Each structure stands twice: as C-alpha cells, then as structure tokens.
Amino acid sequence: MKRVYLDHNATTPLDQRVLEAMQPYLGEYFGNASSLHYYGRRAQQALEASRAQAAKLIGAQPDEIIFTSGGTESDNMALRGIAYYKGSGHIITSSVEHHAVLRTCGILAGNDFSVTYLPVDRQGLVDPDEVKRSIRRDTILISVMLANNETGVIEPIPEIGLIARERGIPFHCDAVQAMGKMPVDVGALHVDLLSLSAHKIYGPKGVGALFVKNGTNLSPLITGGHHERGLRAGTENVPAIVGFARALEIAADELDIYRVQVLHLRNKLESNLLTGIEGVTLHSARADRLPHTSCMGFASVEAESILLHLDLKGIAASSGSACTTGEPEPSHVLTTMDVPPEIAQGTIRFSLGRENTEEEIAYTGEVLKAAVSQLRAISFPWQEAGKRIAITGGMNF
Ligand code: PLP
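Residues numbered from 1 in each chain as written. Predicted model: local features only at pLDDT ≥ 70, side-chain atom pairs only at ≥ 80, totals over all residues. Heavy atoms only, no water.

**Student:** Break down the domain arrangement of the chain for me, with residues and values.
**Tutor:** Where interface size is quoted, it is often the accessible area lost as the parts come together. For the chain, the assigned domains read domain 1 (16-253) and domain 2 (256-393). Using C-alpha coordinates to define each centre, domain 1 is positioned 30 Å away from domain 2. Both sides of the domain 1 and domain 2 interface together cover about 2500 Å² of buried area, and 55% of this is carbon and sulfur. Area buried by domain 1 at its contact with domain 2 is led by Glu150, Lys181 and Tyr202, which between them contribute 30% of it. The tally of links between domain 1 and domain 2 comes to zero salt bridges. Counting every contact that joins domain 1 to domain 2 gives eleven residue pairs in polar contact (both at pLDDT 80 or more). (Domains from an automatic or database assignment. Buried area = accessible area lost by both parts, 1.4 Å probe. Salt bridge = Lys/Arg side-chain N within 4 Å of Asp/Glu carboxyl O. Polar contact = N/O pair within 3.5 Å; in protein donor to acceptor, adjacent residues only side chain to side chain.)

**Student:** Could you give an account of the pairing of strand β3 (residues 89-94), with specific residues and numbers?
**Tutor:** Most of β3 sits inside the fold, with six of its six residues counted as buried. Sheet analysis places β3 next to strand β4 (residues 113-118), joined by six bridges and oriented parallel. By the bridge assignment for β4, Ile92 is matched with Thr116. In this fold, β3 hands off to helix α4 (residues 99-109), which returns the chain to β4; that crossover is right-handed. By the bridge criterion, four bridges tie β3 to strand β5 (residues 139-143) in an arrangement that is parallel. Bridge assignment links His90 to a residue of β5, and that residue is Thr139. (Buried < 20%, exposed > 50% of the residue type's maximum accessible area, 1.4 Å probe, protein only. Helix = DSSP H or I, 4+ residues; strand = E, 2+ residues; numbered from the N terminus. Pairing = 2+ DSSP bridges. Right-handed = clockwise from strand over helix to strand, strands pointing away.)

**Student:** Explain the site of the ligand residue by residue, including any values.
**Tutor:** Around the ligand, the surrounding shell holds 13 residues, and the nearest of these are Thr72, Asp174, Gln177, Ser197 and Lys200. Measuring from an oxygen atom of the ligand, one finds a side-chain N or O atom of Ser197 at 2.6 Å. Notes on the ligand: free accessible area 390 Å², of which the protein chains cover 88%. Grouping the constituent residues of the shell around the ligand by class yields two nonpolar, eight polar and three charged. (Near = heavy atom within 4 Å. Areas by Shrake-Rupley, 256 points an atom, 1.4 Å probe, with all protein chains shown as cover. Nonpolar A, V, L, I, M, F, W, Y, C, P; charged D, E, K, R; others polar.)

**Student:** Account for helix α6 (residues 157-167), naming residues and giving values.
**Tutor:** Turn by turn, an α-helix covers 3.6 residues, leaving residues three or four places apart pointing in a common direction. Inspection of α6 places Ile157, Ile160, Gly161, Ile163 and Ala164 among the buried residues, and these make up the whole buried set. One face of α6 carries all of its buried residues, which in axial projection span an arc of 160°. Where α6 is buried, its residues contact α5 (128-134), β5, β6 (171-174) and α7 (186-189). Of the residues one or two after α6, Gly168 is the one with positive phi, at around 70°. (Arc of directions from axis to C-beta. Contact = heavy atoms within 4.5 Å.)

**Student:** Quick one: what's the story with the sheet that holds strand β10 (residues 293-298), residue by residue and with numbers?
**Tutor:** Ordered by their spatial adjacency, three strands build an open sheet running β9-β10-β12, and the pairing between neighbours is antiparallel. Pairing within the sheet leaves two strands with one partner each, and these edge strands are β9 (280-282) and β12 (347-351). Ignoring which end each strand starts from, the neighbouring axes of this sheet average 25° apart. The sheet contact formed by β9 and β10 spans three bridges and is antiparallel. Looking across to β10, one finds that Thr281 is bridged to Gly297. Packed on one face of the sheet, helix α10 (residues 303-312) meets β10 and β12 and runs near 45° to β12. (Axes fitted to C-alpha atoms, helices over the stretch in contact; angles between N-to-C directions.)

**Student:** Give me the lowdown on helix α3 (residues 71-86), citing residues and values where you can.
**Tutor:** With 16 residues, α3 should cover 22 Å at 1.5 Å per step; its first-to-last C-alpha distance of 23 Å lies within 8% of that length. Counted residue by residue, α3 has twelve buried out of 16 residues, so it is predominantly covered. All of the buried residues in α3 are Gly71, Glu73, Ser74, Asp75, Asn76, Met77, Ala78, Leu79, Arg80, Gly81, Ile82 and Ala83. Remark: Gly87 follows α3 within two positions and exhibits a positive phi of approximately 95°. (Expected span 1.5 Å × (residues − 1).)

**Student:** Could you give an account of the nonpolar core, with specific residues and numbers?
**Tutor:** One finds Ile58, Ile142, Leu146, Val191, Leu194 and Phe244 to be the most contacted residues of the largest nonpolar core, which totals 66 residues. The element best represented in this core is helix α8 (residues 238-253), accounting for eight residues. The next biggest cluster of nonpolar side chains, apart from the first, holds 28 residues, and it includes Leu269, Leu282, Ile348 and Val372. (Core = buried A, V, L, I, M, F, W, Y, C linked by side-chain atoms within 4.5 Å.)

**Student:** A description of the pattern of salt bridges should follow, citing residues and the corresponding values.
**Tutor:** Here the structure, examined in full by the defined rule, presents 18 salt bridges. Glu130 is the salt-bridge partner of Arg133, the closest N and O atoms lying 3.0 Å from each other. Taken together, the residues span about one helical turn, with Arg133 and Glu130 both in helix α5 at a distance of three residues. Classification of Arg133 as exposed rests on a relative accessible area of 56%. Looking at Glu130, the relative accessible area reads 25%, which means it is partly exposed. In this structure, Lys369 engages Glu366 in a salt bridge whose closest nitrogen and oxygen atoms are separated by 3.5 Å. Of this pair, Lys369 and Glu366 both sit in helix α13 (residues 358-377), three residues apart, which is roughly one turn of that helix. A network of salt bridges, in which partner residues are shared, links Asp15, Arg17, Glu254 and Arg354.

**Student:** Explain the pairing of strand β2 (residues 65-68) to me, using residue names and the numbers behind them.
**Tutor:** Residue alternation in β2 divides its side chains into two sets, Ile65 and Phe67 and Ile66 and Thr68, and both sets are buried. Both β2 and strand β8 (residues 208-212) contribute to a ladder of four bridges, which runs antiparallel. If you follow Ile65 over to β8, its bridge partner there is Phe211.

**Student:** Just give me the short version of the packing of aromatic side chains, but keep the residues and values in it.
**Tutor:** Within the structure shown, the criterion is met by four aromatic pairs. Residues Phe67 and Phe244 carry aromatic rings whose centres are separated by 6.3 Å and whose planes lie at 75° to one another, so their mutual orientation is edge-to-face. Separated by 177 residues along the polypeptide, Phe67 in strand β2 and Phe244 in helix α8 bring together distant segments of the chain. Under the relative-accessibility criterion, Phe244 is labelled buried at 0%. Taken together, the ring pairs in this structure connect Phe30, Tyr38 and Tyr39 into an aromatic cluster. Lying across the ring of Tyr363, Lys2 places its NZ or CZ 4.8 Å from the centre. Against the face of Tyr29 rests Arg42, its NZ or CZ located 4.0 Å from the ring centre. (Phe/Tyr/Trp six-rings, centres within 6.5 Å; stacked < 30°, edge-to-face > 60°. Lys NZ or Arg CZ within 6 Å of the ring centre and 35° of its normal.)

Okay, structure coming up:
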C-alpha cells in the first residue's frame, strides 16, 4: 500500500547518514566515556566532539551543552533545576506549552511555587507586554516555547528574552519543534536555557540537550557520578549523542529544504484543502509559522474518524500532539486560542518532512476530500449547519 508520513512533529525517521555516524559507537567504540583507557578515550573524544558540534550550531560554548534523554527531560531539568535551586518563587509560562512544561509547572505550583500561565491571542501568540506585566519581585523563571508543536506558531522569543534579561530573570525556551526548521541561535534569542530533542530532526529517540548559559545556576535532577558538569549523572549514551550531533549538522546544512521545498508542499496542501472542502479553518493562518506544520479544523466531523480514514489509505497524520492522542478533551492549545469546540474536535495536524513529494501531497488532498465528504454525509451537526447556510446564505465557522 502507498504510505505517506505526515506526522513529523510526533517523530521523524532516522536519517541513514545519522545511523552511519552512530554505528561505530554501537560496535567497535563501545567504551564508557569516563574510563581512562583507550576505549574510554575514544568514547570521550566522540562525546566532546558532539558537544562542540551541537554548541556551534546554536551559537553556544561547548560547556553550555548538557546532554539529556530528550525534550521532556530538558524541559524538566530547566524548570525544576531553577526552581529547586531557588527554593521558592514565581514562574511565568504560556498556556500553549507542551505538557513537559505545563505538567511540570503544575507540580511545582503545588509545592512552594506559584505559576502564571500567559494567555495567547486567537493566532496562538503570546504578547511580550503581558510577560512584562506578569513579572513580580519574586519571579525566578520565564519559560516560553519557540514554536508550537500543534500549530507551528513561532512565538516572539527575542522580545521576551530581552524583557527577561533586563530584569535579570532566567529565560527558558523549548525549541524542540523549531530546531532544524528555522535558525536557532541562543544569542539572538536572548535565552539562558534552551531545550532540544534529536528525534524531531531525523536523529535517534531518547536523546536531547539542554543549553545552560554560563552563569545560570540550577540544581541537578539526577545525581550520581560527575557526568555533564555534575548536572546530569549517568553514563552518557555516546552512540545516540553522536547521532544527535550529526542530525543537528544535517539539519543546519539542509535548512533551505524546509524554507523552499517543504514550505511549497505545505502551502499546496493548504490551498488544496481550503479551496476543495467547505468549512475548513486553517489555525494560526495570520501568524508566522514553521514551514512544515499545518493545523486545520474540519467543522462538524471528529478528527479521530478522519484519521482512521486516512490510515486506511496509508496516510499518517495526527489530531494534535502525539502525547494528547487518546485523550478525549480537545487540545489545550486550540482551547486557549478560543477555537470553537466543533472545529477543535475536527482538527488535524499535518507535519511534513523533507522526504515528502508533490505526488504524496496531491494524494493526501484527494483522500481527505473524500473522507470529509463521506463523514459529513452522516454528520448531524453538518446537516444542521447546511440548513443554516441555506437560510442565511453564509457559512458560520
Ligand atoms: N517539547 C515540545 C514542543 C515537543 O513537541 C515535544 C515532543 O513532542 C517535547 C517537548 C518532548 O520531547 P521528547 O519527545 O524528546 O521528550
């Protein structure tokens, strides 16, 4: 069966070049990077070369990179690390963050910390002035993501970073989805902490990094040996880290593929669906978005039903973040953006990758048109809406 993968925000396939870079460290060079002998030294060299590579690609110093098990751990390390170091205080974050940030804030809020969740506008954007207004004397951390995993919206991070810096408040940014799809430079973004994950950029799963600007104090979450500057104990996963660094390098080299080729395909998919199907909403249409993400609401149909139809035809997409799939309530991101429930419930996220083709995108458009029309033929809300249109002469979505 023809297979089309349009769920790259959930995860990406492993790039062959990444696998090749990892292979020696899964075999011949298996050493523990802390060992003093030849095997250890080989692993240590690869670890430090990867650290230098990762640092260079985001404009950091090598000793500012802490390797972790992925985006979730990096977010936890930033939030809990600062919070535990300070002991108490106020945290500012946005209400559209990934659950790795939101649930961590929720736990901290029950334990000596207070949290302000910034609202977003209908496009999904945080207002930097709102950040300014929310700052208190006891604010210890601000955390806002660079790009949203559901809508692809790019938040005004440099502006927020400047506000945080003026007030001397550490600023964390989750760049897990943005990396590889737009330039990410810690200096230009004015961030003190930045989360990355390998499996969103054609690297292996279970590895990521936290950038920690020199001079930023945080407590370790995992204690033990003196690995990773004492901030993250545990024998480093050298093959995965080598793969991550190679994936970062390829992502930087091939950024133009996203800017040109993937963006072109994404725009084609959007215009095809917007013109070919009635009652379609393109979320965050007026905001700056990542070039590969498209979040579209199909009024009066259930997203899960559309996804089943797509899956039967070999097309993989998602109804929000992979972590939220299976949860019956509509996505917190769309709810915060004031998207009406009948549209939020029918929202599908398409996230394209560099291997997608024109033919795949045309095929997806055709399958979707058929699926939505089939589902609407048996959708009571849609039939009712149809009657409204007949009476008022307009579509009210
Ligand atoms: N942050 C964002 C914005 C994400 O989209 C994700 C994963 O979907 C994560 C964090 C978690 O990353 P990981 O899967 O590497 O733990």
